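# Per-entry structural report
Below are the chains, spelled out letter by letter.
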Amino acid sequence: MKPQRISHKHAELIKAWADEYLTYNKESGKVFWKKQPRGRAKLGDEAGRFVKGYRRIGVMNEEIQTHILIWVLHYGEYPQGLIDHIDNDSFNNKIENLRIATPLENQHNQVRPHKTSTTGLLGVGTSRGKFIARISVNNQSIFLGRFDTKEEAHSKYIEAKQKYHPTAFTGV
């Protein structure tokens, strides 16, 4: 997903709008309407709707991901970068689960293999009847070894991920 780029002037308007219309519950990580919005939503309802795995809230004729608005409500400023869900759960919008990340850090947080994966495990492929493990570090692919089982290869990948991507969520 591409980061949302919003000009400074627009960011200030969004912050003012969010302060007026929304309230953030830190315990649940959810945002609720504190002022009656237009449309069918009611005062006190959870704000937003789900689109492509993220809750989004309509703000001034634009839909903005809820976790970005939570950052604005909590810190009082628009984030200067991507907002990453530390535990990789896009439904967990508790502030302690959100951090500013570079696109590369955000990519390191991947916990599911690509749709085209032949093994169903992240970092594991096949070659000549064996399972191989690889990890990308600084845009370089590092070969981690050849294994008899995909589980052994994945274990080696997780070990390397903890070493080379220490801020990434490994799911273990």
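What counts as what
All residue numbers refer to position in the chain's written sequence, counted from 1. Under the rules for a predicted model, residues below a pLDDT of 70 receive no local features and side-chain atom pairs below 80 are neither given nor counted, while totals for whole chains, interfaces and linings still include all residues. Hydrogens and water are ignored here; the side-chain numbers use all heavy atoms of the structure. For two strands to count as paired, DSSP must find a minimum of two bridges between them. By the criteria applied, helices consist of DSSP H or I runs no shorter than four residues and strands consist of E runs no shorter than two, each listed in order from the N terminus. To obtain an axis, a line is fitted to C-alpha atoms, over the contacting stretch when the element is a helix, and the angle between two such axes runs from 0 to 180 degrees between their N-to-C directions. Note on definitions: a residue-residue contact is assigned when non-hydrogen atoms from the two residues lie within 4.5 Å. Here a polar contact is taken to be a pair of N or O atoms separated by no more than 3.5 Å, where protein atoms must pair a possible hydrogen donor with a possible acceptor and residues adjacent in sequence count only if both atoms sit in side chains. pLDDT is defined as a per-residue confidence score from the predictor, taking values between 0 and 100. The criterion is simple. A nonpolar core is a set of buried Ala, Val, Leu, Ile, Met, Phe, Trp, Tyr and Cys residues joined through side-chain atoms within 4.5 Å. Only protein chains enter the accessibility calculation, which uses a 1.4 Å probe. A residue is then buried if its area is under 20% of the maximum for its type, exposed if over 50%, and partly exposed in between. Only protein atoms enter the 1 Å grid used here, on which a cavity is any set of points holding a 1.4 Å probe that cannot leave and a pocket is any open set flanked by protein within 12 Å on both sides along at least five of seven lines; residues with an atom within 4 Å of a point are listed as lining. Grid points are joined across faces, edges and corners, and a volume is the space filled by probe spheres set on the points. Following the grouping adopted for this structure description, the nonpolar residues are Ala, Val, Leu, Ile, Met, Phe, Trp, Tyr, Cys and Pro, the charged ones are Asp, Glu, Lys and Arg, and the polar ones are all others, Gly among them.

So, about the sheet that holds strand S10 (residues 140-147). Pairing between the strands of a sheet comes from backbone hydrogen bonds, and it takes one of two forms, parallel or antiparallel. Strands sit in the order S8-S9-S10 across an open sheet of three strands; the sheet is antiparallel. Strand pairing shows two members of the sheet lacking a second neighbour, strand S8 (124-127) and S10, which therefore form its edges. Neighbour to neighbour, the strand axes of the sheet diverge by 35° on average, direction disregarded. Note that S8 and strand S9 (residues 130-137) share four bridges and pair antiparallel. Within S9, the residue paired with Thr-126 across the bridge is Phe-131. Along the sheet, helix H4 (residues 150-164) contacts S8, S9 and S10; its crossing angle with S9, the most-contacted strand, is approximately 15°.

For His-67, the location among the structural elements is in helix H2 (residues 66-75). Within the structure, the side chain of His-67 is placed 3.2 Å from the side chain of Gln-65, a separation counted as a polar contact. Discounting chain neighbours no more than four positions away, the residues touching His-67 are Tyr-54, Ile-83, His-85, Asn-93 and Leu-98.

Time to look at the confidence of the model for the protein. Low pLDDT marks stretches whose predicted atomic positions should not be read closely. Overall, the predicted model of the protein reaches an average pLDDT of 85, with 92% of residues at or above 70. No element of the protein has a lower mean pLDDT than helix H3 (residues 103-108), at 78, and none a higher one than strand S2 (residues 30-33), at 95.

Take the pairing of strand S5 (residues 62-65) next. Taken together, the four bridges between strand S4 (residues 54-59) and S5 define a ladder with antiparallel strand orientation. Paired with Ile-57 across the strands is Ile-64, a residue of S5. Between S4 and S5, which pair antiparallel and follow one another directly, the connecting turn spans two residues, one of which, Met-60, has a positive phi of 50°.

Right, let's get into the environment of Leu-13. Take Leu-13: it is sitting in helix H1 (residues 8-21). Separated by 47 residues in the primary sequence, Leu-13 and Met-60 place their C-alpha atoms 8.9 Å from one another.

Attention shifts here to the nonpolar core. Grouped together as the largest cluster of nonpolar side chains are 22 residues, with contacts concentrated most on Trp-17, Leu-22, Ile-57 and Leu-69. Those residues in contact with Trp-17 that sit more than four places away from it in its chain are Leu-22, Trp-33, Ile-57, Gly-58, Val-59 and Met-60. Core analysis: the second largest hydrophobic core is formed by eleven residues, Ile-135, Val-137, Leu-144 and Ile-158 among them.

The method is simple in principle: a probe with the dimensions of a water molecule rolls over the atoms, and the space it marks as empty is what remains. When its volume is computed, the second largest pocket comes out at roughly 510 Å³. Around the second largest pocket sit 23 residues that line it, and Gln-110, His-114, Leu-122, Gly-123 and Tyr-157 are the ones nearest its centre. For the lining of the second largest pocket, the secondary structure elements donating two or more residues are H3, S8, S9 and H4. For the lining of the second largest pocket, the class distribution of residues is eight nonpolar, 13 polar and two charged.

The three strands are arranged S3-S4-S5 in an open sheet whose pairing can be described as antiparallel. In this open sheet, the two edge strands, each paired with only one partner strand, are strand S3 (49-51) and S5. Averaged over all pairs of adjacent strands, the angle between their axes in this sheet comes to 50°, without regard to strand direction. Seen against the sheet, H2 touches S4 and S5 and runs at an angle of roughly 75° to S5.

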